[in-house]
Amino acid sequence: EEFRAGRRSPVEEMKATLAAVRASNLNAISYIDEDGALARAARADVSKPFGGVPLGVKELDHVEGWPATEASVPLADRVSGWTSTMVDRLTNVAGANHFGLTTSSEFGGVNITRTVLNGVTRNPWNTARTPGGSSGGTGAAVAGGLFTLGTGGVSTIGLQLAKAAGARVVVTSSRDDKLTRMRELGADAGVPGREANERGLELLQAAAVRGQQVQGL
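Residues numbered from 1 in each chain as written. Predicted model: local features only at pLDDT ≥ 70, side-chain atom pairs only at ≥ 80, totals over all residues. Heavy atoms only, no water.

Student: Got a minute to help me understand the overall build of the protein chain in this structure?
Tutor: For the protein chain, the count of helices and strands is eight helices and eight strands. Every one of the 217 residues in the protein chain was classed for burial, and the buried ones make up 49%. Look at the contacts in the protein chain between residues 6 or more apart in sequence, and 66% of them connect residues 24 or more apart. Approximately 9,900 Å² of the protein chain is accessible, and the part contributed by carbon and sulfur atoms is 48%. (Helix = DSSP H or I, 4+ residues; strand = E, 2+ residues; numbered from the N terminus. Buried < 20%, exposed > 50% of the residue type's maximum accessible area, 1.4 Å probe, protein only. Contact = heavy atoms within 4.5 Å. Areas by Shrake-Rupley, 256 points an atom, 1.4 Å probe, with all protein chains shown as cover.)

Put into structure tokens, the structure is as follows:
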């Protein structure tokens, strides 16, 4: 509403978000596309539901041309060739402006967000503690006031932190996106995190999650 009323612009909001991320000690962001984010902010369609709102994308989700590391050192140089369905819908349909990737546990396999690749993500309420996982980066950043919209798993501890902080929306990964990633990484051959991902898929299936799901909190 602030954008639509002209009291604040998407470019101002993106600059404030990037400044907040740079000043933060939470280590909640693993990648930033600053030039792309500012260019998208300048042409944001604020008539859309999330028009111009900064969006943090969990690093287990995909954005074409962005890193696709799965938070794992062996995949540190991997670049995604596709965009997850929910990210596409949030950005191209709903108008959100994705600016970077939020930290996650490696392959989403454990409920703390600490990896060799990205280091330790900290809880904004007590930085000596973990924000949980696997969506710890999104949970910590939203709860810590860095931005207000992020993607994450449907049942992760990290997102409960964001919920408790009063986050208004949490976007959950689609089951099809998770299946695609598991197949791409060869989960059937025993990639670490297989059991956790399969359990996550069971929960998603039970909740009948398909494509984009937005939960009001």
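Student: Can you help me understand unusual backbone geometry in this one?
Tutor: Here the amide bond leading from Gly133 into Ser134 is cis, since omega sits at 10°, within 30 degrees of zero. Inspection of the secondary structure assignment puts Ser134 in the loop between β5 (119–120) and α5 (136–143). Of note in this structure, Asn27 is not a glycine but carries a positive phi near 55°. Among the structural elements, Asn27 can be located in the loop between α2 (10–23) and β1 (29–32).

Student: Hey, could you run me through the environment of Thr91 in this one?
Tutor: With respect to the helices, strands and loops of the structure, Thr91 is situated in helix α4 (residues 85–93). Taking C-alpha positions, Thr91 is 10.0 Å from Ala44, a pair spaced 47 residues apart along the chain. Among the polar contacts listed, one links the side chain of Thr91 to the backbone oxygen of Asp88, at a separation of 3.3 Å. (Polar contact = N/O pair within 3.5 Å; in protein donor to acceptor, adjacent residues only side chain to side chain.)

Student: Would you mind going over the pattern of salt bridges with me for this structure?
Tutor: It is possible for side chains bearing opposite charge to pair when their charged atoms get close. Considering all chains together, one arrives at six salt bridges under this definition. Glu1 is the salt-bridge partner of Arg4, the closest N and O atoms lying 3.1 Å from each other. Here Glu2 and Arg7 are joined by a salt bridge, their closest N and O atoms 3.0 Å apart. Judged by its relative accessible area of 40%, Glu2 is partly exposed. (Salt bridge = Lys/Arg side-chain N within 4 Å of Asp/Glu carboxyl O.)

Student: Any chance you could explain the packing of aromatic side chains here in plain terms?
Tutor: The geometry of an aromatic ring pair comes down to the distance between the two centres and the angle between the two planes. Summed over all chains, the structure comprises two aromatic pairs. A centroid spacing of 5.2 Å and a plane angle of 75° characterise the contact between Phe99 and Phe147, whose relative ring orientation is edge-to-face. Highlighted residues: Phe99 in strand β3 (residues 97–102) and Phe147 in the loop between α5 and β6 (149–152), separated in sequence by 48 residues. As far as burial versus exposure is concerned, Phe99 and Phe147 are alike and both buried. (Phe/Tyr/Trp six-rings, centres within 6.5 Å; stacked < 30°, edge-to-face > 60°.)

Student: Would you explain the pairing of strand β2 (residues 54–58) in this entry?
Tutor: Most of β2 is tucked away, with five of its five residues classed as buried. Neither face of β2 is left uncovered, since the one carrying Pro54, Gly56 and Lys58 and the one carrying Leu55 and Val57 both have all their residues buried. At this point the chain moves from β2, through α4, to the parallel β3, and the crossover so formed is right-handed. Where β2 and β6 come together, two bridges link them in parallel fashion. Looking at β6, one finds that Gly56 is bridged to Gly150. (Right-handed = clockwise from strand over helix to strand, strands pointing away. Pairing = 2+ DSSP bridges.)

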